[in-house]
Amino acid sequence: MNLPRIETLERIYGESEKSLARYQSLAENYQKKFAPEKADAAQGKMKFFTAPGRTEIVGNHTDHNGGRILAGSISLDTIGAACKNGTDVITIVSEGYRDRIIVDLTRLDRVPKNRGSFSLVAGMAIAAREMGFAVSGFNAFVSTEVISAAGVSSSASFEMLICAMINEFFNEGRMRCIDYARIGQYAENHFWDKASGLMDQMACAVGGTIMLDFSKIAAPPKEPAGGGAASESGKGTPPDVSDDDICKRVEFSFSQLGYDLVIVNTGKGHADLSDEYSSVPMEMKEAAHALGVELLCETDEETLLSHLSAIPNDRAILRALHFFEENKRVDAAYQAALNRDGATLLRMIEESGRSSWEWLQNCYSIRNYTEQKVDLTLALTKLFLDRTGRGVCRVHGGGFAGVIACVLPQEETEDYVNYIAQYVGRENVYPMNIRTFGAGRVE
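What counts and what doesn't
- Residues numbered from 1 in each chain as written.
- Predicted model: local features only at pLDDT ≥ 70, side-chain atom pairs only at ≥ 80, totals over all residues.
- Heavy atoms only, no water.
- Helix = DSSP H or I, 4+ residues; strand = E, 2+ residues; numbered from the N terminus.
- Buried < 20%, exposed > 50% of the residue type's maximum accessible area, 1.4 Å probe, protein only.
- Contact = heavy atoms within 4.5 Å.
- Polar contact = N/O pair within 3.5 Å; in protein donor to acceptor, adjacent residues only side chain to side chain.
- Core = buried A, V, L, I, M, F, W, Y, C linked by side-chain atoms within 4.5 Å.
- Pairing = 2+ DSSP bridges.
- Axes fitted to C-alpha atoms, helices over the stretch in contact; angles between N-to-C directions.
- pLDDT = per-residue confidence, 0-100.
- Left-handed = near helix turned anticlockwise from the far one by under 90°.
- Nonpolar A, V, L, I, M, F, W, Y, C, P; charged D, E, K, R; others polar.
- Phe/Tyr/Trp six-rings, centres within 6.5 Å; stacked < 30°, edge-to-face > 60°.
- 1 Å grid on protein atoms, 1.4 Å probe; cavity = no way out; pocket = protein on both sides within 12 Å on 5 of 7 lines; lining within 4 Å.
- Points joined across faces, edges and corners; volume = space filled by probe spheres on them.

**Thoughts on the environment of threonine 209**
Part 1 of the reasoning: Tracing the sequence through the fold places threonine 209 in strand S6 (residues 209-213).
Part 2 of the reasoning: According to the relative accessible area criterion, threonine 209 is buried, its value standing at 1%.
Part 3 of the reasoning: Measuring from C-alpha to C-alpha, the distance between threonine 209 and threonine 436 comes to 7.3 Å, with 227 residues separating the pair along the chain.
Part 4 of the reasoning: Sequence-distant contacts of threonine 209, defined by excluding residues within four places in its chain, comprise Ile57, Leu70, Ala71, Gly72, Lys248, Arg249, Val250, Phe252 and Ile434.
Part 5 of the reasoning: A polar contact is formed between the side chain of threonine 209 and the backbone oxygen of phenylalanine 252, at a distance of 2.7 Å.

Written out as structure tokens, the structure reads:
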């Protein structure tokens, strides 16, 4: 059995003992599930893949209007062992789940929506083919450390892992990170009823700390006519738009500042909040339409301020103002990361969180205002940080429920974990950091 090289694991994870044991277990489980299948064995040796989760540093709810985001991949990842099987069927086994994901590529025109990972993988296959990429059958065993329902994009991590397999097995590395992201976004939008942008997928695919500028690719793929293949997604991202046009990489992690990132699950899920999430891009676009454009990236803050009377929805104005100010904060945070200016970066994170709380208004559901788990956990964290005098906190990701992020000195991490665990439970507190390796094959 050929396992990943020690030096490769050291480069990805900063260690090799724990990660080697994970890949050993992955390979053994793959052999148990798929070894009897002759077609699989005939196609060549098993290969290993990884895709991280992600964190949003600054840039809350800006991607859907063509804004900018500073994001990073995290040290928690999804890993897979896979091999081509010489058929037209994709079969995936996920550790901890009883049922296999089985997608017959000859029957994609009959794929139902909202059937969990089955619909998601099928939707990705449809989008990839319509974008001009080859997709054939393979077998995979998948395991993940990326926490679900914790705002670190376990779904995007899984999607980018599958894209890396498709790229390796059938496309000779021709697929770009933006292609990965478009494929995952399309599947979520049209086969999972999740109105996601591209930030989650890009941050998981690229790896490291990156500034993403979505102004060149703001329009999402359109839904296929008649429920078949993605007629518009075939256009995909224009070939003259490269990954480097969309994202700028910066060598930065919180550990370089002597800080840790701690994600805290507040105990309230997102299941019944789709209307709240949809209201954010809709109201930003409402403001943009009043100014004669489709998206806020096509106008500016001065134009908005001179036309306030044309927008009767005050919350739409506040959310539009958040968009413009947040883009400025992303630019400042990116420069701070380049310069290793920790004080400025932390200030931008704190200001971003405050703007999300007060202007964007995505820390609790207005329909259920008595339940404010995000606000409460932020308040409790602020009490801790005020006592220590160092560190910042903010809502993390989509908001309204879910998780917060706390960035604090490494010497304070253990005390904070013990403190906040009193209120949310130790199983809901996750110290982590940023890793540099994105989605791809593990040599």
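**Concerning the nonpolar core**
Part 1 of the reasoning: Membership of the largest hydrophobic core comes to 60 residues, with the highest contact counts inside it found for Ile92, Phe138, Met165 and Met202.
Part 2 of the reasoning: With sequence-adjacent residues up to four places away left out, methionine 202 is seen in contact with Cys177, Ile178, Ala181, Ile210, Leu212, Phe214, Ile246 and Cys247.
Part 3 of the reasoning: In terms of nonpolar packing, the next biggest core, distinct from the first, is built from 30 residues, Leu70, Met211, Val330 and Ala336 among them.

**Remarks on the sheet that holds strand S11 (residues 429-432)**
Strand pairing in a sheet relies on backbone hydrogen bonds. The paired strands run either parallel or antiparallel.
Part 1 of the reasoning: The sheet built from four strands is open, its strands ordered S9-S10-S8-S11 with antiparallel pairing. Lying at the two open borders of the sheet, with one neighbouring strand each, are strand S9 (392-396) and S11. Each neighbouring strand pair of the sheet contributes to a mean axis angle of 25 degrees, computed without reference to strand direction.
Part 2 of the reasoning: Pairing geometry for strand S8 (residues 259-265) and S11, over four bridges, is antiparallel. Bridge pairing in S11 links valine 262 to proline 431.

**Examining the environment of alanine 343**
Part 1 of the reasoning: Residue position: alanine 343 is located in helix H12 (residues 342-360).
Part 2 of the reasoning: When the C-alpha positions of alanine 343 and glycine 391 are compared, they lie 9.8 Å apart, and in sequence the two are 48 residues distant.

**Re the confidence of the model for the protein chain**
Part 1 of the reasoning: Of all residues in the protein chain, 90% attain a pLDDT of 70 or more, and the chain-wide mean is 89.
Part 2 of the reasoning: The low-confidence segment residues 220-235 (pLDDT under 50) makes 31 contacts with residues lying over four places distant or belonging to another chain.

**Overview of the environment of aspartate 415**
Part 1 of the reasoning: Tracing the chain through its elements places aspartate 415 in helix H14 (residues 410-424).
Part 2 of the reasoning: Considered as a pair, aspartate 415 and glutamine 372 are 43 residues apart in the sequence and their alpha carbons are 24 Å apart.

**Overview of the packing of helix H13 (residues 373-388) against H14**
Part 1 of the reasoning: Running from N to C, H13 and H14 point in directions that differ by 150 degrees, and their axes come no closer than 11 Å. Our pair here, H13 against H14, has a crossing hand that is right-handed. Only Glu412, Asp415, Tyr416, Tyr419, Ile420, Tyr423 and Val424 of H14 make contact with H13, whose side of the interface consists of Thr377, Leu380, Thr381, Leu383, Phe384, Arg387 and Thr388.
Part 2 of the reasoning: Class assignment for the residues of the contact of H13 with H14 results in eight nonpolar, three polar and three charged.

**Some words on the packing of aromatic side chains**
Part 1 of the reasoning: Applying the stated rule across the entire model yields 14 aromatic pairs.
Part 2 of the reasoning: Ring centres of tyrosine 277 and phenylalanine 400 lie 5.4 Å apart, and the angle between their planes is 85 degrees; on these two criteria the pair is classed as edge-to-face. Here phenylalanine 400 lies in the loop between S9 and strand S10 (403-409) and tyrosine 277 lies in helix H9 (residues 274-290), a separation of 123 residues in the sequence. Each member of the pair, tyrosine 277 as well as phenylalanine 400, is classed as buried.
Part 3 of the reasoning: One aromatic cluster in this structure is built from Phe49, Phe138, Phe169 and Phe170.

**Examining empty space enclosed by the protein**
Part 1 of the reasoning: A complete count under the given rule lists one cavity of 30 Å³ or more for this structure.
Part 2 of the reasoning: In this structure, the largest cavity occupies an estimated 50 Å³ of space.
Part 3 of the reasoning: Forming the walls of the largest cavity are Thr55, Glu56, Ile57, Phe254, Leu261, Ile349, Arg394, Ala405 and Val407.
Part 4 of the reasoning: Of all elements in the fold, only strand S1 (47-58) and S10 reach the threshold of two or more residues within the lining of the largest cavity.
Part 5 of the reasoning: For the lining of the largest cavity, the element with the highest residue contribution is S1, accounting for three residues.
Part 6 of the reasoning: Here the lining of the largest cavity is built from residues that sort into six nonpolar, one polar and two charged.

**A closer look at unusual backbone geometry**
Part 1 of the reasoning: The phi dihedral of histidine 61 is positive, around 55 degrees, even though this residue is not glycine.
Part 2 of the reasoning: With respect to the helices, strands and loops of the structure, histidine 61 is situated in the loop between S1 and strand S2 (68-84).
Part 3 of the reasoning: Residue histidine 61 is classed as buried on the basis of its relative accessible area of 11%.
Part 4 of the reasoning: With a phi close to 60 degrees, asparagine 114 is a non-glycine residue in the positive phi region.
Part 5 of the reasoning: Structurally, asparagine 114 is set in the loop between strand S4 (101-104) and helix H4 (117-130).

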